[in-house]
Amino acid sequence: MPRQSIFHWQFNICSKSKVRGLSLKVFKTKKEVLKYSRKSAAKGKSIGLVPTMGFLHDGHISLVKMAKKKSDRVIVSIFVNPTQFGDPSDLEKYPRNMEADLAMLKAAKVNAVFAPEIDEVYDKEAQTIVETTKLSRIMMGKIRPGHFRGVSTIVTKLFNICQPDLAFFGEKDYQQLQVIKRMVKDLDMPIKIVGVPTMREKDGLAMSSRNVRLTKANRKAATVLSRSLFEVEKICANQNMTTTKLDKIIRQIISKEPKAEIKGVDIKDAESLGTVKGIVKQPVVAMLAVQFGDIMLIDQRVFTPKIAL
Ligand code: AMP
């Protein structure tokens, strides 16, 4: 389809919530999506929700595919949530392309998209927040104070608005996945949370909407994240190690890349994200946050030490 006509039908979708002949419904209001969800439930159809901030790539689509496998109807939300950004310029520069996103979601055969404006989501007088008190304060919570409060609050709102039976989150944002699992358990939300493995580019870089903002040189340098993770995974599978040693190895590998500035390295118990003392005997997760120019990238890897194999 020529680019011009793609734009036209996409524009039609955006301007109307349902276009005749097209099965992709695009909802802009909470009321519409809640109605859709309730109607689906009345018909005995389970709903799978995939929350995203848009500028979709194959990583997002792998969540959609998993959602399609496990639920009768799939809703994808596209909302760049301002309350999870600390730095206003990071929020402003976050890449957006609604037309391309809708084309990808239509091709992936999702049932509905919820793409609200900020004013539709947040009441001006809003004062209620949701926060996991411990999990949100380590690693990314230290680097970006308030980030997980914004995430838990918007995800709670999306759960209330879309009423899903299942919700799908990427392991790439591993701490986020654990925060959401904890929140759902603590607040008795009747939703099954499904974690989906990280999709990577051919050279190992974890797919991310932020990757397009990397300069060519930084894009090349950014492969150091996955390289360091795969390396410690290999070492840990062959030798008895402590998290302190693994942490040191990761930092040494990343430090060899002059364009990389380490913001955080943390190796924790893969389930609880608690501290692991002594020789690692259980599955652990290594979480990285590394800055390239003005872009911070994150990556993670779960691995099992030799002693537990
Ligand atoms: P985002 O739009 O970056 O907020 O991401 C929306 C969802 O997609 C989150 O649950 C992410 O963890 C997930 N996601 C982002 N990148 C990837 C990836 N490379 N592989 C798998 N899931 C991803």
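Residues numbered from 1 in each chain as written. Predicted model: local features only at pLDDT ≥ 70, side-chain atom pairs only at ≥ 80, totals over all residues. Heavy atoms only, no water.

Novice: It is not clear to me how the site of the ligand should be interpreted in this structure. Could you clarify?
Specialist: Around the ligand sit 17 residues in total, of which H60, G170, D173, M199 and M207 are the nearest. One of the backbone N or O atoms of G170 is found 2.8 Å from an oxygen atom in the ligand. Contact with the protein chains removes 93% of the 480 Å² of surface that the ligand exposes when unbound. Elements represented by at least two residues in the shell around the ligand include exactly β2 (47–52), α3 (58–70) and β5 (166–170). Here the element with the most residues in the shell around the ligand is α3; it accounts for three residues. Among the residues making up the shell around the ligand, the classes are represented as eight nonpolar, seven polar and two charged. (Near = heavy atom within 4 Å. Polar contact = N/O pair within 3.5 Å; in protein donor to acceptor, adjacent residues only side chain to side chain. Areas by Shrake-Rupley, 256 points an atom, 1.4 Å probe, with all protein chains shown as cover. Helix = DSSP H or I, 4+ residues; strand = E, 2+ residues; numbered from the N terminus. Nonpolar A, V, L, I, M, F, W, Y, C, P; charged D, E, K, R; others polar.)

Novice: Help me understand the domain arrangement of the chain in this model?
Specialist: Many authors give the size of an interface as the accessible area that is lost as the parts come together. Partitioning the chain into structural domains gives domain 1 (3–196) and domain 2 (209–308). Averaged C-alpha coordinates put domain 1 and domain 2 at centres separated by 27 Å. Buried area between domain 1 and domain 2, both sides added, is near 1800 Å², and the carbon and sulfur share of it is 64%. Counting the contacts that link domain 1 with domain 2 gives three salt bridges. For R213, the salt bridge is made with D90, and the minimal N-O distance between the two is 3.9 Å. There are six residue pairs in polar contact (both at pLDDT 80 or more) connecting domain 1 and domain 2. Of all elements in the fold, only α4 (88–93), α7 (140–143) and α9 (174–186) reach the threshold of two or more residues within the side of domain 1 that touches domain 2. Looking at the side of domain 1 that touches domain 2 element by element, the count peaks at three residues for α9. By residue class, the composition of the side of domain 1 that touches domain 2 is ten nonpolar, five polar and six charged. (Domains from an automatic or database assignment. Buried area = accessible area lost by both parts, 1.4 Å probe. Salt bridge = Lys/Arg side-chain N within 4 Å of Asp/Glu carboxyl O.)

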